[in-house]
Amino acid sequence: IIIASAPLGEKWFDRHVRSREAVWEKSRIDASAREARNGHKGKSIVICGDDRRKQIAHELESALFSAHYQCYYCGIENVRAGLDADLSDSEDFSFERIHHLGELSRILTDAGLIVISTIDSIDENDLSTLRKLNAPYEMIVVGAGINAMFSGIDWSFDTSESLKECVDGIMEILRSRNVIPDYSI
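Now for a quick tour of the structure.

About the cut-offs
Positions within a chain are numbered from 1, following the residues in the order the chain's sequence is written. Whole-chain, interface and lining totals are the exception, using all residues; otherwise, since this is a predicted model, local features are given only for residues with pLDDT of at least 70 and side-chain atom pairs are given and counted only at 80 or more. Computation of side-chain values: all heavy atoms of the structure, hydrogens and water removed. In this description, strands pair whenever DSSP reports at least two bridges between them. Secondary structure elements follow DSSP: runs of H or I of four or more residues count as helices, runs of E of two or more count as strands, with numbering from the N terminus. Note on geometry: axes are C-alpha line fits, over the in-contact stretch for helices, and angles between N-to-C directions span 0 to 180 degrees. The criterion used for residue contact is that any of the two residues' heavy atoms lie within 4.5 Å. Should a side-chain nitrogen of Lys or Arg be within 4 Å of a carboxyl oxygen of Asp or Glu, the pair is scored as a salt bridge. The buried label applies to any residue whose accessible area, calculated with a 1.4 Å probe on protein chains only, is under 20% of its type's maximum; exposed applies above 50%, and partly exposed to all values in between.

1. Details of the sheet that holds strand E2 (residues 71–73)
Step number 1: Taken in spatial order, the five strands line up as E2-E3-E1-E4-E5 in an open sheet, and their pairing is parallel. Looking at which strands have only one partner, the edges of the open sheet turn out to be E2 and strand E5 (155–157). Geometrically, the sheet is characterised by an average inter-axis angle of 20° between neighbouring strands, direction not taken into account.
Step number 2: Two strands pair when backbone bridges link them, and strand E1 (residues 43–49) and strand E4 (residues 139–144) are joined in this way by six bridges, in the parallel orientation. Among the inter-strand pairings, Val46 is bridged to a residue of E4, identified as Val141.
Step number 3: Contacting E1, E2, strand E3 (114–119), E4 and E5, helix H3 (residues 53–66) runs over the sheet at an angle of about 170° to E3.
Step number 4: In the packing of helix H6 (residues 124–134) onto the sheet, the strands contacted are E1, E3 and E4, and the crossing angle to E4 comes to about 155°.

The structure is reproduced here in structure tokens:
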């Protein structure tokens, strides 16, 4: 059944996100109530790049959890072993993994969590896909050892920075975007 025509040039993926949002069954608990309860906004953080991305993600999760924020680490390997367990490891399914990670991030940020994900290699199309899937929520992309000129990276650091410097930098981004408060009681 066709209920409306798609705007000219609209891709299947854009239609999917638009129609998903049109039928999304909203919780009775809205984002502001969750923010008041949790003491922070829901947010998706994607850390991509060099081999330290997982270490940084785990350190960030620990720092956020220690500060009493509701957070969860979900790497692309979690998606591969769980939601994508029925798919092969071929390149043909990389879009599906990105798609599933984006949909999962959308659900968890809607629940008010700070979701931390890691992806080893990503391009501008993958980032665009993740951002669209996470809509209406904003996503923060951190590049571990990736040139900041790569389109779509919100913040990057070089490999000489310590884990603490990396985590402190991401925490500062979260504060500057009012995801977490500048202080905690």
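2. Section: the pattern of salt bridges
Step number 1: In this structure the tally under the stated criterion is seven salt bridges.
Step number 2: Between Glu138 and Lys43 there is a salt bridge; the shortest N-O distance is 3.3 Å. A residue pair is termed long-range when its members are at least 10 positions apart, and Glu138 in the loop between H6 and E4 and Lys43 in strand E1 qualify at 95 residues.
Step number 3: On the basis of relative accessible area, Lys43 is assigned to the buried category, the value being 8%.
Step number 4: The salt bridge partner of Glu138 is Arg177, with a shortest N-O separation of 3.3 Å. With Glu138 in the loop between H6 and E4 and Arg177 in the segment after helix H7 (163–176), this pair connects stretches of sequence that are 39 residues apart.
Step number 5: Through salt bridges with shared partners, a single ionic network connects Lys43, Arg131, Glu138, Asp154 and Arg177.

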